[in-house]
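Residue strings, one per chain:
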Amino acid sequence: MGNELYGKTIGIIGLGRIGREVASRMRSFGMRTIGYDPIVPAEVSKEFGVEGFTLEEIWPQVDYITIHVPLIPQTKYLINDDVFAKCKSGIRIVNVARGGVVDESALLRALNSGKCAGAALDVFEVEPPKNLELLDHPKLVATPHLGASTIEGQNRCAEDIAKEIVNAAQGKTPNGIVM
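Residues numbered from 1 in each chain as written. Predicted model: local features only at pLDDT ≥ 70, side-chain atom pairs only at ≥ 80, totals over all residues. Heavy atoms only, no water.

**Q** Looking at this model, I keep getting lost on the overall build of the protein chain. Mind explaining?
**A** For the protein chain, the count of helices and strands is seven helices and seven strands. When the helices and strands of the protein chain are listed from N to C terminus, the series reads β-α-β-α-β-α-β-α-β-α-β-α-β-α. Taking 179 residues into account, the globule formula puts the C-alpha radius of gyration at 16 Å, and the protein chain, at 17 Å, falls close to it. With respect to the principal axes defined by its C-alpha atoms, the protein chain has extents near 55 × 40 × 35 Å. Relative to its full complement of 179 residues, the protein chain shows a buried share of 36%. In the protein chain, the share of contacts with a sequence separation of at least 24, taken over all contacts with a separation of at least 6, comes to 57%. (Helix = DSSP H or I, 4+ residues; strand = E, 2+ residues; numbered from the N terminus. Rg over C-alpha atoms; globule rule 2.2 N^0.38 Å. Buried < 20%, exposed > 50% of the residue type's maximum accessible area, 1.4 Å probe, protein only. Contact = heavy atoms within 4.5 Å.)

Here it is in structure tokens:
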């Protein structure tokens, strides 16, 4: 049996272009959208419908966590045993950002204990993934890092890259820059 999204709270970690798109779509399902981004102030995230919080404030509030951050030293194993301990029982995790942001061993422990009711991963710390116990887990949906693997997605990527090249040539600041 499934779960409704309506009335649930989703924590969006990373409020760049993709995180904002996720927020828009989740609000259409009647979800409360809260989030964290070290660069986007809470007053700015409120403009696009996301209540800004610290990570420590997010964990106990959310029913779902979706991750949209780069893998940098500050985000390595961002989702770990300590985070799972602070979350509600039955939390669900989606990581389509970068492998290594979720500690896969901690995720497996949380899935096995029931603390995490389900996870969807499009990225893994090692690709192709080697942790067969995690891959075979009945509460995990795994896909092979193919988020933009559609004709339309590839066309949009090409258009975005071309626009950014033109912007750079004109001396404009690139969109979605990661510093």
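Now that the structure is up, let's keep going.
**Q** Explain the environment of valine 96 here, please?
**A** Here valine 96 lies in the loop between strand S5 (91-95) and helix H5 (104-113). Put simply, valine 96 and histidine 68 are 28 residues apart on the chain and 6.9 Å apart in space, counted from C-alpha to C-alpha.

**Q** What is the right way to look at unusual backbone geometry in this model?
**A** With the exception of glycine, the majority of residues adopt a negative phi angle, and the majority of peptide bonds are in the trans configuration. For the bond running from glutamate 127 to proline 128, omega is 0°, close enough to zero to count as cis. By the element assignment, proline 128 lies in the loop between strand S6 (116-121) and helix H6 (132-135). Of note in the backbone geometry, tyrosine 77 takes a positive phi value of approximately 55° without being a glycine. As for its position among the elements, tyrosine 77 is in the loop between strand S4 (64-67) and helix H4 (81-86). Tyrosine 77 gets classed as partly exposed once you look at its relative accessible area, which sits at 29%.

**Q** Quick question: what am I supposed to make of the pattern of salt bridges here?
**A** When the charged atoms of two side chains with opposite charge come close together, those side chains can pair. Summed over all chains, the structure comprises six salt bridges. Glutamate 56 is the partner of lysine 86 in a salt bridge, and the nearest nitrogen-oxygen pair spans 2.8 Å. Remark: glutamate 56 occurs in helix H3 (residues 55-58) and lysine 86 occurs in helix H4; sequence separation between them is 30 residues. Classification of glutamate 56 by relative accessible area gives partly exposed; the value is 48%. (Salt bridge = Lys/Arg side-chain N within 4 Å of Asp/Glu carboxyl O.)

**Q** Sorry, what's going on with the packing of aromatic side chains here?
**A** How two aromatic rings sit relative to each other is set out by the distance from centre to centre and by the angle between their planes. Counted under the stated rule, the structure contains zero aromatic pairs. The aromatic ring of tyrosine 77 is capped on one face by lysine 76, whose charged end is 4.7 Å from the ring centroid. (Phe/Tyr/Trp six-rings, centres within 6.5 Å; stacked < 30°, edge-to-face > 60°. Lys NZ or Arg CZ within 6 Å of the ring centre and 35° of its normal.)

**Q** Would you take a moment to explain the nonpolar core for this structure?
**A** Taken as a class, soluble globular proteins show a tendency for nonpolar side chains to be buried jointly. Grouped together as the largest cluster of nonpolar side chains are 30 residues, with contacts concentrated most on Trp59, Ile65, Ile67, Ile79, Phe84, Ile93 and Leu107. Every element with two or more residues in this core is listed here: H3, S4, H4, S5, H5 and S6. Ranked by residues supplied to this core, first place goes to H5 with five residues. Among residues more than four places away in sequence, those in contact with tryptophan 59 are Ile13, Ile65, Ile79, Val83, Lys86, Cys87 and Lys88. One finds Ile12, Met26, Val40 and Phe48 within the second-largest nonpolar core, a separate group that totals 11 residues. (Core = buried A, V, L, I, M, F, W, Y, C linked by side-chain atoms within 4.5 Å.)

**Q** Explain the pairing of S4 here, please?
**A** Look at any regular strand and the pattern is simple: side chains alternate between the two faces of the sheet. Of the two faces of S4, the one lined by Tyr64 and Thr66 and the one lined by Ile65 and Ile67 are each fully buried. In terms of strand pairing, strand S1 (residues 9-13) meets S4 through four bridges, oriented parallel. Of the residues in S4, the one forming a bridge with glycine 11 is isoleucine 65. Pairing of S4 with S5 involves four bridges; the strand directions are parallel. Residue pairing in the sheet places isoleucine 65 in a bridge with isoleucine 93 of S5. (Pairing = 2+ DSSP bridges.)

**Q** What is the right way to look at the pairing of S5 in this model?
**A** Covered by surrounding structure in S5 are Ile91, Ile93 and Asn95 only, the residues Arg92 and Val94 on the alternate face being uncovered. Pairing of S5 with S6, which is carried by five bridges, proceeds in the parallel orientation. Bridge pairing in S6 places arginine 92 opposite glycine 118. Chirality of the crossover, the property in question, places the unit of S5, H5 and S6 among those that are right-handed. (Right-handed = clockwise from strand over helix to strand, strands pointing away.)

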